[in-house]
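This is what each chain is made of:
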Amino acid sequence: MNDKQADQMRSGAGFIAALDQSGGSTPKALKLYGIGEDAYSGEEEMFGLIHEMRARIIKSPAFSGEKVIGAILFERTMDGEIDGIPTAEYLWEKRGVVPFLKVDKGLENERDSVQLMKDMPDLDALLSKAVSKGIFGTKMRSVINGASPSGIRAVVAQQFEIGRQILAHGLVPIIEPEVTISIDDKQEAETILREEIAARLDALEDGVEVMLKLTLPEQENYYADLVAHPRVMRVVALSGGYAREEANRRLAANRGMIASFSRALTEGLSAKQADTEFDSELAGTIASIYEASIAG
């Protein structure tokens, strides 16, 4: 583990940018950026365009370790380059931003009110490649669509089982059991989730650290015990479909949590914007998410 990167993730002021849209979410991300599906033909062109968007964000003056302490990448982004430099290396050496990698392969169909992660038979090979490219940690997402004790228990068990596999490679896993913001029993689901995560954290060995990525809770500071847990390097919040203003408002009310926003980060950006307009819009966004992240 890179000690300087670890210190930045434990205590750095700022937030983590989620630049990890994968195959299923890329068309929507491009559409929001002003590039419709009629602008490209096939996956290669599509991924080329999303890489250009991500590179534009990363190279923007406001995107630096002063406010953005980490960034989560999609595998193809990690495999790519920015100005001839591998993306993860560019992030750390040129921008002072700690690189993470999304490793999950998507979600299973819903069962017992949750969606587990699909099998990852090639995970060890991917983790070895990530280490060779200078990646610090990983992220993997499950989804909780209802307050099912058995379903949530299965989600957390899977997350921590794979988390141990990631830790064995010297990487820090970001464990992300997302609670869908629109469900009627969201607070009940968060109660079950908090208990399940705490039990798994207590079972980790001394000296082991993971990160948590959680939906902003209904009750302010509801995850304070997880923020303070000795096995937790950092707790970050996903925007989960909230508009940026609402996500920032909720985040600012939760001490110790910092942002890891995706759609809320790119809200207002367009491929049609001149660089000055693009940079100005992104700088304002980064400033607002930063302020919400340090508010507690």
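Reading the values: rules and limits
Residues numbered from 1 in each chain as written. Predicted model: local features only at pLDDT ≥ 70, side-chain atom pairs only at ≥ 80, totals over all residues. Heavy atoms only, no water. Helix = DSSP H or I, 4+ residues; strand = E, 2+ residues; numbered from the N terminus. Rg over C-alpha atoms; globule rule 2.2 N^0.38 Å. Buried < 20%, exposed > 50% of the residue type's maximum accessible area, 1.4 Å probe, protein only. Contact = heavy atoms within 4.5 Å. Areas by Shrake-Rupley, 256 points an atom, 1.4 Å probe, with all protein chains shown as cover. Lys, Arg positive; Asp, Glu negative; His and termini not counted. Charge placed at Lys NZ, Arg CZ, Asp CG, Glu CD. 1 Å grid on protein atoms, 1.4 Å probe; cavity = no way out; pocket = protein on both sides within 12 Å on 5 of 7 lines; lining within 4 Å. Points joined across faces, edges and corners; volume = space filled by probe spheres on them. Salt bridge = Lys/Arg side-chain N within 4 Å of Asp/Glu carboxyl O. Axes fitted to C-alpha atoms, helices over the stretch in contact; angles between N-to-C directions. Parallel < 35°, antiparallel > 145°, perpendicular 65-115°, else oblique. Nonpolar A, V, L, I, M, F, W, Y, C, P; charged D, E, K, R; others polar.

Draft legend 1. Spatial organisation of the overall build of the chain. Of the regular secondary structure elements, the chain holds twelve helices and eleven strands. Taken over C-alpha atoms, the radius of gyration comes to 18 Å for the chain, in line with the 19 Å a tight globule of 296 residues would show. Principal axes of the C-alpha set define a box for the chain whose edges measure 50 × 40 × 35 Å. The 296 residues of the chain split such that 54% are buried. Taking contacts inside the chain between residues at least 6 apart in sequence as the whole, the part at least 24 apart equals 72%. Here the chain has roughly 12,500 Å² of accessible surface; of this, 45% comes from carbon and sulfur atoms. The positive charge centre, built from 33 side chains, and the negative charge centre, built from 47, are 2 Å apart in the chain.

Draft legend 2. Structural view of the layout of surface pockets. By volume, the largest pocket amounts to about 840 Å³. Lining the largest pocket we find 31 residues, and of these Q21, S25, R141, E178 and S262 sit closest to its centre. When residues in the lining of the largest pocket are grouped by element, the largest group, three residues, is from helix α2 (residues 26-32).

Draft legend 3. Summary view of the pattern of salt bridges. Taken as a whole and judged by the stated rule, the model has 22 salt bridges. The closest approach of N and O atoms between E205 and R164, which form a salt bridge, is 3.1 Å. With E205 in the loop between α8 (186-202) and β9 (210-215) and R164 in helix α7 (residues 149-167), the pair connects residues that are 41 residues apart, well separated along the chain. Assessed through its relative accessible area of 42%, E205 is described here as partly exposed. Looking at R164, the relative accessible area reads 36%, which means it is partly exposed. Between R231 and D206 there is a salt bridge; the shortest N-O distance is 2.7 Å.

Draft legend 4. Region of the structure containing the environment of I35. Here I35 shows up in the loop between α2 and α3 (42-59). Using a relative accessible area of 11% as the deciding quantity, one classes I35 as buried. Placed 15 residues apart in sequence, I35 and I50 show a C-alpha to C-alpha distance of 9.6 Å. Beyond its immediate sequence surroundings of up to four residues, I35 is in contact with L30, Y40, L49 and A271.

Draft legend 5. Here's a closer look at the packing of helix α10 (residues 244-252) against helix α12 (residues 275-294). Following both chains from N to C, one finds α10 and α12 inclined at 25 degrees, their axes separated by 7 Å at the closest point. On the basis of their axis angle, the class for α10 and α12 is roughly parallel. Counting all contacts with α10, which are made through R244, N248, L251 and A252, the residues of α12 involved are E281, T285, S288, I289, A292 and S293. Looking at the contact of α10 with α12 residue by residue, the classes come out as four nonpolar, four polar and two charged.

Draft legend 6. Looking closely at the environment of L212. Along the chain, L212 turns up in strand β9. When the C-alpha atoms of L212 and M233 are compared, they prove to be 8.3 Å apart, with 21 residues separating the residues in sequence. Other than its neighbours up to four places away in sequence, L212 contacts I174, I175, I197, L201, L226, V232, R234, V235 and V236.

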